[in-house]
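Topology and contacts: notes
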Amino acid sequence: MSVLVYAESWNGRFRKSTFEAVSYAYRTSEILETDVIAVSLEEVLDEELNKLSAYGASNIISIPNVNKGDNQAASKVIADLSDSANVLVFSNTLTSKMIAPRLSIKLNAACITNVISITESDSICVSRKSFSSKAIEVTESNTEKTIICIAPNSFGVIEHAVDCNIEISDFSEKGSISFKGQETASGKISISEAEIVVSAGRGLKDPENWGMIEELADLLGAATACSKPVSDIGWRPHSEHVGQTGKAVAADLYIAIGISGAIQHLAGVNSSKVMVAINTDPEAPFFKAADYGIVGDAFEVIPKLIEEIKKIKN
Amino acid sequence: MNILVCISSVPDTTSKINFTDNNTKFDSNGIQFVINPYDEFGLTKAMMIKESTGGKVTIITVGNATVEPVMRKTLAIGADYAVRVNMSAIDSFSTATEIANYIQENNFDLIIAGRESSDYNGGVVPGMIAEILGLPFVNACIDMEIDGDDVKLIREIDGGKEMISVNLPIIIGSQKGLVEESELRIPNMRGIMQSRSKPLTVIEPISTMLHTNTISFDKPEEKGICKLVDADNVSELVNLLQNEAKVI
Ligand SMILES: Cc1cc2nc3c(=O)[nH]c(=O)nc-3n(C[C@H](O)[C@H](O)[C@H](O)COP(=O)(O)OP(=O)(O)OC[C@H]3O[C@@H](n4cnc5c(N)ncnc54)[C@H](O)[C@@H]3O)c2cc1C
Ligand SMILES: Nc1ncnc2c1ncn2[C@@H]1O[C@H](COP(=O)(O)O)[C@@H](O)[C@H]1O
């Protein structure tokens, strides 16, 4: 028996969500009294692969010739490595959600996504977010093997250094999709993984006014996000739209500026630990969901907030 | 072109969610059901393809009779046929098995599902269908151009986008961007009249295997009261975030 974790990389690097998945896999392996095999796709240098052992991965298998978006090849190679694995752990990313369901069919394994808790025993039973975070579902697996995709920032990154063995596989099969290139906004912090998210809504009135939002986000090392109407009218890119029909946020701190707090918006952000609302309208529904609030004009409050943050950062 | 759109019927996004039977079942009392928002983008895209290249659009829903009003709405928007698999969709694997079986018996060039259903939030049904049928799968599509058998797709990736080319038949996961919000179709009077005479076929499920069981539902803990800070005292907010909440 073992626990297998897919260690997703981005341009040769792992991110926090990967280390979180490995930490989760390690904790599960303790409960099942076994060890962790980490599988990495695409080219990743040994030095980077080694980092996985800091979170409990003792066997690391690197498969440099498989593109992670090639879900046919990726699911095949992971299935080939899964003979001994009873639990397979993924991060809940867009790419994982192409690989994991395929793998689920190949292995006849339940695939449970959005998971926020660890199982207590080898009969797998976990909590997951459902109804756009308006509910938590406790679900159990009926199958011998189970695939678990964990929601970002749900478990945390826990260091546990172990000795590791790195193996490079020459698997090079390809599926029928061809890749013609990528465009990535380099340096940007991913909204779904960010610890702090600074988000603004229609209350900002004009796309020109986002300078102060970006400045505040930069100071806090935060990702920027927006409400749906703001991306619909093109003030901000679609990729920043958060809420029930946009990206899900589960940050330590979510700052909502000029956002009314409609139910669809809150559904996607209320898994955040601490929420702050800044709004001119004391009746804005966001104040019912927030932990801290300021009733005031963003154009006065945000510049002051920037000054105060600068003070503590220096 | 023969297109299948997988439609899940979900509670309206403004719904307050409750559970019954000792918190084991969703309480649909007083809930308005709608086309899953992600599937709406896919349905509109299917209509556009049909209008530009010809063909027909079938929609399929796995669910009991209560999903039929939502299926009628897709017919009113312009789908040609509707198929309901007569079974409550309580598990992704069984849902995917039924849809895949229908696809196997009826040839489709293009299968469109949503990126995720806004009730179950699994995001796995389309990938499972793809694997059962051995089809290529591209999720979170934000652009698609079809030229003969050749499909050019753009998919969202974490922090950017990826350009892809692939041949039909395929299955894709749709979301905003595949068509714009402003292009979404709503039923008009003529569509509603026509939808009444369009075929809605009910078929029986072929399998009863489940991969998962729901034990119970809970609601997240209610938040405490919001601490309000005076707009002239922004430093206090920073103090609270730093020393009380310890998040900065
Ligand atoms: C099917 C469906 C899905 C949806 N999905 C989403 C989703 O995923 N995400 C989402 O965000 N929305 C979603 N919505 C839309 C949602 O219902 C709201 O319309 C939207 O969230 C409102 O955005 P907003 O708060 O930016 O704008 P508004 O509601 O216009 O609120 C602006 C706020 O700014 C405040 N304000 C004005 N001036 C200032 C100032 N100078 N300083 C400070 N505050 C100020 C106002 O008091 C007000 O509260 C969805 C709607 C539907 C129907
Ligand atoms: N009961 C269902 N009937 C038809 N299609 C479904 C059903 N459930 C899910 N789907 C399709 O699969 C997509 C992803 O759903 P899910 O995996 O449940 O998040 C949805 O957007 C639909 O296109």
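Analysis parameters
Residues numbered from 1 in each chain as written. Chains lettered and ligands numbered in written order. Predicted model: local features only at pLDDT ≥ 70, side-chain atom pairs only at ≥ 80, totals over all residues. Heavy atoms only, no water. Helix = DSSP H or I, 4+ residues; strand = E, 2+ residues; numbered from the N terminus. Contact = heavy atoms within 4.5 Å. Near = heavy atom within 4 Å. Polar contact = N/O pair within 3.5 Å; in protein donor to acceptor, adjacent residues only side chain to side chain. Areas by Shrake-Rupley, 256 points an atom, 1.4 Å probe, with all protein chains shown as cover. Nonpolar A, V, L, I, M, F, W, Y, C, P; charged D, E, K, R; others polar. Domains from an automatic or database assignment. Buried area = accessible area lost by both parts, 1.4 Å probe. Salt bridge = Lys/Arg side-chain N within 4 Å of Asp/Glu carboxyl O. Buried < 20%, exposed > 50% of the residue type's maximum accessible area, 1.4 Å probe, protein only. Pairing = 2+ DSSP bridges. Axes fitted to C-alpha atoms, helices over the stretch in contact; angles between N-to-C directions.

Brief notes about the side chain of serine 132 of chain A
One can find serine 132 of chain A in the loop between strand 8 (125–130) and strand 9 (135–141). Residues within four places of serine 132 of chain A in sequence aside, it is in contact with Gln244 and Ala267 of chain A together with Ser118, Asp119 and Asn121 of chain B.

Some thoughts on the site of ligand 1
Around ligand 1, a shell composed of 27 residues is seen, among which Ser227, Ser260, Gln264, His265 and Asn279 of chain A lie nearest. Site remark: ligand 1 is flanked by residues from chains A and B. Measuring from a nitrogen atom of ligand 1, one finds a side-chain N or O atom of aspartate 297 of chain A at 2.9 Å. With the chains in place, 77% of the 990 Å² that ligand 1 exposes on its own is no longer accessible. Secondary structure elements with two or more residues in the shell around ligand 1: helix 6 (228–232), helix 7 (263–269) and helix 9 (298–313) of chain A. For the shell around ligand 1, the class distribution of residues is six nonpolar, 16 polar and five charged.

Re the site of ligand 2
Residue and element names in this part refer to chain B. Every one of the 21 residues lining ligand 2 counts as a neighbour, but Cys6, Asp39, Gly114, Ser117 and Gly123 are closest to it. Here glycine 122 contributes a backbone N or O atom positioned 3.1 Å from an oxygen atom of ligand 2. Computed on the free molecule, ligand 2 has an accessible area of 470 Å², of which 96% lies beneath the protein chains in the complex. Listed by contribution, the elements that provide at least two residues to the shell around ligand 2 are strand 6 (56–63), helix 3 (92–105), strand 8 (110–114) and helix 4 (125–133). With three residues, strand 6 is the largest single contributor of residues to the shell around ligand 2.

Points about the domain arrangement of chain A
All names here are of chain A. Taken domain by domain, chain A comprises domain 1 (2–168) and domain 2 (196–313). One C-alpha centre belongs to domain 1, the other to domain 2; they are set 32 Å apart. With six residues of domain 1 in contact, the opposing surface of domain 2 contributes eight residues. Of the roughly 570 Å² buried where domain 1 meets domain 2, counting both sides, 39% is carbon and sulfur surface. Scanning the region where domain 1 abuts domain 2 turns up four residue pairs in polar contact (both at pLDDT 80 or more).

Thoughts on the interface of chain B and chain A
Counting from both sides, the interface comprises 78 residues of chain B and, opposite them, 86 residues of chain A. Interface area, chain B with chain A, both sides summed: about 7100 Å², of which 57% is carbon and sulfur. Three residues stand out in chain B for area buried against chain A, namely Asp158, His211 and Lys223 of chain B, and they jointly supply 10% of the buried area on that side. Viewed at the interface, chain A and chain B are joined by nine salt bridges. For lysine 176 of chain B, the salt bridge identified is with aspartate 232 of chain A, shortest N-O distance 3.0 Å. On inspection of chain B and its partner chain A, the count reaches 46 residue pairs in polar contact (both at pLDDT 80 or more). Elements represented by at least two residues in the side of chain B that touches chain A include exactly helix 1 (37–53), helix 4, strand 9 (137–147), strand 10 (150–157), strand 11 (160–167), strand 14 (212–218), strand 15 (227–229) and helix 6 (234–244) of chain B.

Details of the environment of isoleucine 49 of chain B
Residue and element names in this part refer to chain B. Looking at the secondary structure, you find isoleucine 49 in helix 1. With relative accessibility at 6%, the residue isoleucine 49 sits in the buried group. Separated by 97 residues in sequence, isoleucine 49 and isoleucine 146 have C-alpha atoms that sit 8.4 Å apart. Once residues lying within four places of it in the same chain are set aside, the contact partners of isoleucine 49 are Met1, Ile3, Gly54, Leu110, Met144 and Ile146.

Thoughts on the sheet that holds strand 16 (residues 274–279) of chain A
With parallel pairing, the six strands of this open sheet are ordered in space as 14(A)-13(A)-15(A)-16(A)-17(A)-15(B). Edge positions in the sheet fall to strand 14 (223–226) of chain A together with strand 15 of chain B, since each of these pairs with one other strand and no more. In this sheet, adjacent strand axes meet at a mean angle of 20° when their direction is disregarded. Along the sheet, helix 9 of chain A contacts strand 15 (253–257), strand 16 and strand 17 (292–295) of chain A; its crossing angle with strand 16 of chain A, the most-contacted strand, is approximately 135°. Sheet strands in contact with helix 6 of chain B are strand 15, strand 16 and strand 17 of chain A together with strand 15 of chain B, and its direction is about 175° off that of strand 17 of chain A.

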